[in-house]
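# Examining the three-dimensional arrangement
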Amino acid sequence: MAMSRLTPGAAVTSTPEETLGEAAFFDFLYAYERRADIGTLNACGVHLWPLVRSALVRNVVWRDAVGAPLVSTGFIAQTRNFIVRARQAYRHVPIAESVQVAALQNAPVLIFDDNPSHKISHMAGPYDRILDPILDIRPDIEAAKFHLQRSPGSEAGRARPSVEIPRDWLRPQSDPNHLAYWNRRVVDRIDRIEADFEDAFGPRGGSLSGAVLEEMTRVQSYRELFHDLLAPLSAKVLYLSVWASTISRGLIWACKDLGILTVDVQHGQQGRYSANYGQWQLPEDGFSLMPDVFWLWGGPSDDNLRFSGAGAGNAPVKLIGGNPYLTKWKQREFAQHYERAPDVQERMDRAVRNLLVTLQPFRSLEELVPAQLVAAIKNAPANWLWTIRNHPNAGLSDEAIFQSLLDQGCRRDQILVTGGRDEPLPMALRDVDWHLTAWSTCGYEALVFDTPTLFFYPFAQQQYGDYIQRGTFFYADTPDHMLDILSRDPPCVPAPEERPWIVADDGIARAAFDRVLDCADHMNSQHT
């Protein structure tokens, strides 16, 4: 089986070609997991397969995008580097007596607020759009946030206080017995797995066993840091996002040891072919590096996250809690915190039809704003306003896009190009008549506000075929067809979803939050 090559430099958002390549890889991966005895691949007291899987995804799916091997050294060199790090001096910090522990001491619910990519400008400072809304679901329950120290000033002015954990608490592994876990048998098994995937997808370079050892070393270091931090606390539940990062895995492992329930809150699209939110074969006792609960936005993500194997009966709990951030926008709770620029609001008020175009991370103007979209803008009524929202990873400036549209004959008063810095996406989706995009999943967010989405790139028919067929999404790939749909009066209304991709409901969120507390009480009774 050969996987199609990925486009170099396009690692952030999948193109259709990448998606097809990922499908080939994950179909092979899922079949491999079903027939291989992955549950017996153990070291350091945990199952290694989640780390092996992540390393395979990086080296097979992402390797072509970054253009470099996963690691350049093998097991022996990695072990030597590990020993050198383990000999570094570690100044003992009395963590149990620290002000950080005191600040977190009485909170039964903790939020690990450590992902800069989820921060948006909001109110008094940076606001985590994934985790901060969790705090508002049950304001009667005391909760506290914490994060790891980053560069000076990068965490200043947060919308909600967060306890900063010094990085000098992090120490390298110093137990000489640690290496005993990494016997030749474990390394040989990982090398055989690597050979199986190279047979399917070609040589990738680097060393899979070396990469897994390096990752396990770091995970175990974070586990020790968080164990020391959390042990004196009375926390029952810990919320985080992006559970498969190195830091999160160490945190989850520490929580498992201490009987603290961990909840991963969905942070983006979770499709069938997802490295961390797709299909999993569980060993009988589960994975120590996997959270206890998955908080999901809606039905499709629940369907795509599947557990089977010997441990399926004790699989992590899946809860549909919805997207509390979008719920706040739907209920206009954020209205008082944001004001659109007066000149932009005036232009929108004058327009007979407001259209928002969310662009994809293409690298060329011809792909970014294709000919059929340009023609539709030029031929549209003069009193329509097209707001073109640039993608942060497109590599082309707002000014370049605006000038290109002018050069192709679009009128200046027809278009507005923004990089998304002026207003949050939910605010933009909420206040327009139509949303247009090549194939962006922003269409699902638009449905929260009953805003119809028109796709104009052929790949969208493959990705959203069922939604298009029943009229939840719309599709057109010629200017005339696009304008015919956009000009209908009254405007098109999206057909209801059978199972919403994104739930925006306070009641559902509260029920999920309470279920998490029940799960924590049950786990705590078993742990003690």
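Everything discussed here concerns the structure shown above.
Quick caveat: nothing in here was measured; it's all calculated off a predicted structure.

Procedures and definitions
Residues numbered from 1 in each chain as written. Predicted model: local features only at pLDDT ≥ 70, side-chain atom pairs only at ≥ 80, totals over all residues. Heavy atoms only, no water. Helix = DSSP H or I, 4+ residues; strand = E, 2+ residues; numbered from the N terminus. Buried < 20%, exposed > 50% of the residue type's maximum accessible area, 1.4 Å probe, protein only. Contact = heavy atoms within 4.5 Å. Areas by Shrake-Rupley, 256 points an atom, 1.4 Å probe, with all protein chains shown as cover. 1 Å grid on protein atoms, 1.4 Å probe; cavity = no way out; pocket = protein on both sides within 12 Å on 5 of 7 lines; lining within 4 Å. Points joined across faces, edges and corners; volume = space filled by probe spheres on them. Nonpolar A, V, L, I, M, F, W, Y, C, P; charged D, E, K, R; others polar. Salt bridge = Lys/Arg side-chain N within 4 Å of Asp/Glu carboxyl O. Core = buried A, V, L, I, M, F, W, Y, C linked by side-chain atoms within 4.5 Å. Pairing = 2+ DSSP bridges. Axes fitted to C-alpha atoms, helices over the stretch in contact; angles between N-to-C directions. Parallel < 35°, antiparallel > 145°, perpendicular 65-115°, else oblique. Left-handed = near helix turned anticlockwise from the far one by under 90°.

## Focus: the overall build of the protein chain
- A tally of helices and strands in the protein chain yields 20 helices and 19 strands.
- Burial statistics for the protein chain: of 528 residues in total, 57% are counted as buried.
- Long-range pairs, those at least 24 residues apart, make up 74% of the contacts in the protein chain with a sequence separation of at least 6.
- Of the accessible surface of the protein chain, which amounts to about 22400 Å², a share of 49% is contributed by carbon and sulfur atoms.

## Looking at the layout of surface pockets
- By volume, the second largest pocket is sized at about 570 Å³.
- In terms of residues, the lining of the second largest pocket owes the most to one element, helix H20 (residues 506-527), which gives 5 residues.
- When grouped by side-chain class, the residues that make up the lining of the second largest pocket number 11 nonpolar, 7 polar and 4 charged.

## A closer look at empty space enclosed by the protein
- Per the counting criterion, the structure on display carries 3 cavities of 30 Å³ or more.
- As a volume, the largest cavity reaches approximately 60 Å³.
- Taken together, Leu56, Asn59, Val60, Glu194, Phe197, Glu198, Gly202, Arg204 and Leu208 make up the full set of residues lining the largest cavity.
- Elements that contribute at least two residues to the lining of the largest cavity include exactly helix H2 (49-61) and helix H6 (184-201).
- Among the residues forming the lining of the largest cavity, the class breakdown is 4 nonpolar, 2 polar and 3 charged.
- Around the second largest cavity, the lining residues are Val109, Ile111, Ile134, Leu135, Arg138, Ile141, Ala143 and Phe513.
- Taken together, the residues that form the lining of the second largest cavity break down as 7 nonpolar, no polar and 1 charged.

## Let's talk about the environment of phenylalanine 362
- Among the secondary structure elements, phenylalanine 362 is positioned in the loop between strand E14 (353-358) and helix H12 (365-368).
- Under the relative-accessibility criterion, phenylalanine 362 is labelled buried at 7%.
- Between the C-alpha atoms of phenylalanine 362 and leucine 396, which are 34 residues apart in sequence, the distance is 8.7 Å.

## A look at the pattern of salt bridges
- Applying the stated criterion across every chain yields a total of 24 salt bridges.
- Linking arginine 218 and glutamate 214 is a salt bridge whose minimum nitrogen-to-oxygen distance equals 2.8 Å. Placement of both arginine 218 and glutamate 214 in helix H7 (residues 208-230) is noted, with a separation of 4 residues, approximately one turn of the helix.
- The class of arginine 218 is partly exposed, set by a relative accessible area of 45%.
- For glutamate 214, a relative accessible area of 14% translates into the label buried.

## A short note on the nonpolar core
- Counting residues in each nonpolar core, the largest one holds 94 residues, and the members touching the most others are Tyr239, Trp386 and Leu436.
- The dominant element in this core, judged by the number of residues it contributes, is H20, at 8 residues.
- Once residues lying within four places of it in the same chain are set aside, the contact partners of tryptophan 386 are Leu355, Val357, Leu373, Ala376, Ile377, Ala380, Gln414, Ile415, Leu416, Leu436 and Leu486.
- In terms of nonpolar packing, the next biggest core, distinct from the first, is built from 71 residues, Cys44, Ile193, Tyr222 and Leu233 among them.

## Remarks on the sheet that holds strand E13 (residues 317-320)
- Judged by pairing direction, the sheet is parallel, and its 7 strands sit side by side in the order E7-E6-E3-E8-E9-E11-E13 without closing on themselves. Unpaired on one side and paired on the other, strand E7 (163-165) and E13 mark the two borders of the sheet. Neighbour-to-neighbour, the strand axes of this sheet turn through a mean angle of 25°, independent of strand direction.
- Note: strand E3 (residues 109-112) against strand E8 (residues 237-240), 3 bridges, orientation parallel. Paired with leucine 110 across the strands is leucine 238, a residue of E8.
- Contacts from H7 reach E3, strand E6 (143-148) and E7, with the element oriented near 145° to E6.

## Focus: the packing of helix H13 (residues 371-379) against helix H19 (residues 479-486)
- Contact pair H13 / H19: the axes reach a minimum separation of 8 Å and the direction vectors enclose 55°. Here H19 runs oblique to H13, going by the angle between their axes. Crossing geometry of H13 relative to H19 is assigned as right-handed. For the pair H13 and H19, the contacting residues are Gln372, Leu373, Ala375, Ala376 and Asn379 in the first and Pro479, Met482 and Leu483 in the second.
- A class-by-class count of the residues in the contact of H13 with H19 yields 6 nonpolar, 2 polar and no charged.

## Things to note about the sheet that holds strand E19 (residues 474-475)
- Strand order in the open sheet formed by 6 strands is E16-E15-E14-E17-E18-E19, and the pairing between neighbours is parallel. Among the strands making up the open sheet, the edge pair consists of strand E16 (415-418) and E19.
- When E14 meets strand E17 (residues 434-437), the two strands line up parallel, connected through 4 bridges. Paired with valine 357 across the two strands is leucine 436, which belongs to E17.
- Helix H11 (residues 342-350) rests against E14, strand E15 (384-389) and E16 of the sheet, and its axis sits at about 140° to E16.

## As for unusual backbone geometry
- Of note, the bond from aspartate 489 into proline 490 is cis; its omega dihedral lies within 30 degrees of zero at 5°.
- Among the secondary structure elements, proline 490 is positioned in the loop between H19 and H20.
- Even without being glycine, valine 242 reaches a positive phi, approximately 60°.
- As for its placement among the helices and strands, valine 242 is situated in the loop between E8 and helix H8 (246-258).

## As for the pairing of E3
- The alternating pattern of E3 places Val109 and Ile111 on one face and Leu110 and Phe112 on the opposite face, and all of these are buried.
- Across 4 bridges, E3 lies against E6 in parallel orientation. Within E6, the residue paired with isoleucine 111 across the bridge is lysine 145.

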